[in-house]
Amino acid sequence: MRHCTVGHCTIGHWSLVIVPLVIASLVIVKGVRRMAILVGRETRVLVQGITGREGEFHTRLMLDYGTRIVAGVTPGRGGQQVHGVPVFDSVRQAVETVGGVDVSIVFVPAPFAADAVLEALDAGVKGIVIITEGIPVHDMLKVARAFELAGDGRWFIGPNCPGIITPGECKVGIMPSHVFVPGRIGVISRSGTLTYEVVAELTRAGLGQSTCVGIGGDPIIGLDFVDILRLFNDDPQTDAVVLIGEIGGTDEEEAAAFIEREMRKPVVAFVAGKTAPEGKRMGHAGAIIMGRMGTAQSKIEAFQKAGVPVADLPAQIPDLLRQALG
């Protein structure tokens, strides 16, 4: 999980509390044991903000994909149904009624999103995917601290992220599912749209994906590159990893150091933002260069030093993967 990068400060290595306890999901598919990181066919999902426009729309798409959505929550809308999914007034009420919930996905508007995340955490939900963008940094600091104190394998991804998909099994997010196919390449990205473009290139090249995780591009996020790399490193269904970075912060440099030190599987990287001007935010709140800090060149050099091939264009990634896999 990312440290606070606002003003280049650090809130502490709180990811170390959670990450060792995040275990890849074990699912049973037609009698065959498969591993998928974070979400799989048996994952029970709750949608917070299910009656809103985005929540209702993406609930239908996730259901169509086969995701097991067991409940939705919108305060004051309890007793309704959305696409056959029962709606409750609170997360605790939903959990007590439908039984265990593994992951919540949050479509709640930014001013109320942090409280929704904390409500799910308090109700015992293990993982939370925060789609909402524009959540104040101060609110996310409170969320990060709450997860640090909770420990016990709790995790969150986002905010301002596309979510997670284990192709052919479970989608907890907003990504266009038709570009994803099951396979053995893990994908991690700070960018949503670039994820779809890169995955489309992989799919066209016959390289399916094990799990794809969009970690988000805000200054304060949950699981970061190193956390997801560690999970892929231990996942027997993943042979190699594509890492999609961008300007801003030092997450890519930290990922490169981890790869050089511990990664046992090939990694191919792509870094967006080579032409970004210094001091100007480019899209994501965390995508800003401050002096030498956070430049695309510093990230590319860190990956090259770690022996990671870096693609100049997304279309080059499949060939680099094949070379890395031998």
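Above this text you will find the structure in question.
S.K.: Would you explain the overall build of the protein chain in this entry?
M.R.: From N to C terminus, the protein chain includes 10 helices and 16 strands. The burial tally for the protein chain puts 57% of its 326 residues in the buried class. For the protein chain, long-range pairs separated by at least 24 residues make up 72% of all intrachain contacts whose partners lie at least 6 apart in sequence. Total accessible area computed for the protein chain in this model is approximately 13,000 Å², and 54% of it derives from carbon and sulfur atoms.

S.K.: Help me understand the sheet that holds strand β11 (residues 170–173), please; the structure alone is not making it clear to me.
M.R.: An order of β11-β10-β13-β12-β14-β15-β16 is seen for the seven strands of this open sheet, with the pairing classed as mixed. Only two strands of the sheet have a single partner each, and these edge strands are β11 and β16 (310–311). Here strand β15 (residues 267–272) pairs with β16 via two bridges, running parallel. Directly across from F270, in β16, lies its bridge partner A311. In this fold helix α2 (residues 53–65) packs onto β10 (163–166) and β11, with an angle of close to 165° to the strand it touches most, β11.

S.K.: Looking at this structure, I do not really get the pairing of strand β3 (residues 44–48). What am I missing?
M.R.: In the case of a regular strand, side chains alternate between the two sheet surfaces. Judged by how many residues are buried, β3 sits mostly within the fold: four of five residues are covered. Judged from the five bridges that link them, β3 and strand β4 (residues 68–73) form a sheet pairing that is parallel. The residue bridging R44 from the neighbouring strand is R68, located in β4. In this fold, the crossover linking β3 to β4 by way of α2 has right-handed handedness. Sheet topology note: the β3/strand β7 (residues 103–106) ladder contains four bridges and is parallel. Paired with V45 across the two strands is V103, which belongs to β7.

S.K.: Please clarify how helix α10 (residues 317–325) should be interpreted in this entry.
M.R.: Residues lying three or four places apart along an α-helix face the same way, a consequence of the helix completing one turn every 3.6 residues. Among the residues of α10, those classed as buried are I317, P318, L320 and L321. Along the long axis of α10, the arc covered by the buried residues comes to 160°, so they all point the same way. Packed against the buried residues of α10 are β12 (182–189), α6 (192–204), β14 (240–246), β15 and β16.

S.K.: Sorry, what's going on with the pattern of salt bridges here?
M.R.: Side chains that carry opposite charge are capable of pairing whenever their charged atoms lie near each other. This structure, assessed with the given rule, holds 15 salt bridges. Among the charged side chains, a network of salt bridges with common partners joins R190, E246, E252, E253 and K299.

S.K.: Teacher, can you tell me more about the sheet that holds β4 here?
M.R.: Think of a sheet as strands paired side by side through backbone hydrogen bonds, with each pair either parallel or antiparallel. The seven strands lie next to each other as β5-β6-β4-β3-β7-β8-β9, forming an open sheet whose pairing is mixed. Looking at which strands have only one partner, the edges of the open sheet turn out to be β5 (81–82) and β9 (155–157). In terms of strand pairing, β7 meets strand β8 (residues 127–130) through four bridges, oriented parallel. Bridge pairing links V103 to G127 in β8.

S.K.: Honestly, the nonpolar core in this entry has me stumped. Any pointers?
M.R.: Burial of nonpolar side chains together is a common tendency in soluble globular proteins. Core analysis: the largest hydrophobic core is formed by 51 residues, its most contacted members being L38, I105, V129, I228, L229 and F303. Aside from chain neighbours lying at most four places away, what touches F303 is L243, E252, A256, I259, A269, V271, V308 and V310. Counting 29 residues, the second largest nonpolar core, distinct from the first, contains L46, V91, V95 and A144.

S.K.: In this structure, what is going on with the environment of P182? I would like to understand it.
M.R.: Within the element layout of this structure, P182 appears in strand β12. For P182 and G208, which are 26 residues apart along the polypeptide, the C-alpha to C-alpha distance reads 4.9 Å.

S.K.: What should I look at first to understand helix α4 (residues 110–122) in this one?
M.R.: Compared with the 18 Å implied by 1.5 Å per residue over 13 residues, the 19 Å span of α4 between its first and last C-alpha is a close match. Within α4, burial applies to A110, A113, A114, A116, V117, A120 and L121. Along the axis of α4, the buried positions cluster into a sector of 160°, meaning they face one direction only. Exposed side chains of α4 directed beyond 90 degrees from the buried face belong to P111, F112, D115 and D122. Where α4 is buried, its residues contact β3, α3 (91–98), β7, β8 and α5 (137–150). Directly beyond the C-terminal end of α4, a positive phi value near 95° is found at G124.

Parameters and conventions
Residues numbered from 1 in each chain as written. Predicted model: local features only at pLDDT ≥ 70, side-chain atom pairs only at ≥ 80, totals over all residues. Heavy atoms only, no water. Helix = DSSP H or I, 4+ residues; strand = E, 2+ residues; numbered from the N terminus. Buried < 20%, exposed > 50% of the residue type's maximum accessible area, 1.4 Å probe, protein only. Contact = heavy atoms within 4.5 Å. Areas by Shrake-Rupley, 256 points an atom, 1.4 Å probe, with all protein chains shown as cover. Pairing = 2+ DSSP bridges. Axes fitted to C-alpha atoms, helices over the stretch in contact; angles between N-to-C directions. Right-handed = clockwise from strand over helix to strand, strands pointing away. Arc of directions from axis to C-beta. Salt bridge = Lys/Arg side-chain N within 4 Å of Asp/Glu carboxyl O. Core = buried A, V, L, I, M, F, W, Y, C linked by side-chain atoms within 4.5 Å. Expected span 1.5 Å × (residues − 1).

By themselves, these are just geometric observations and shouldn't be taken as functional.
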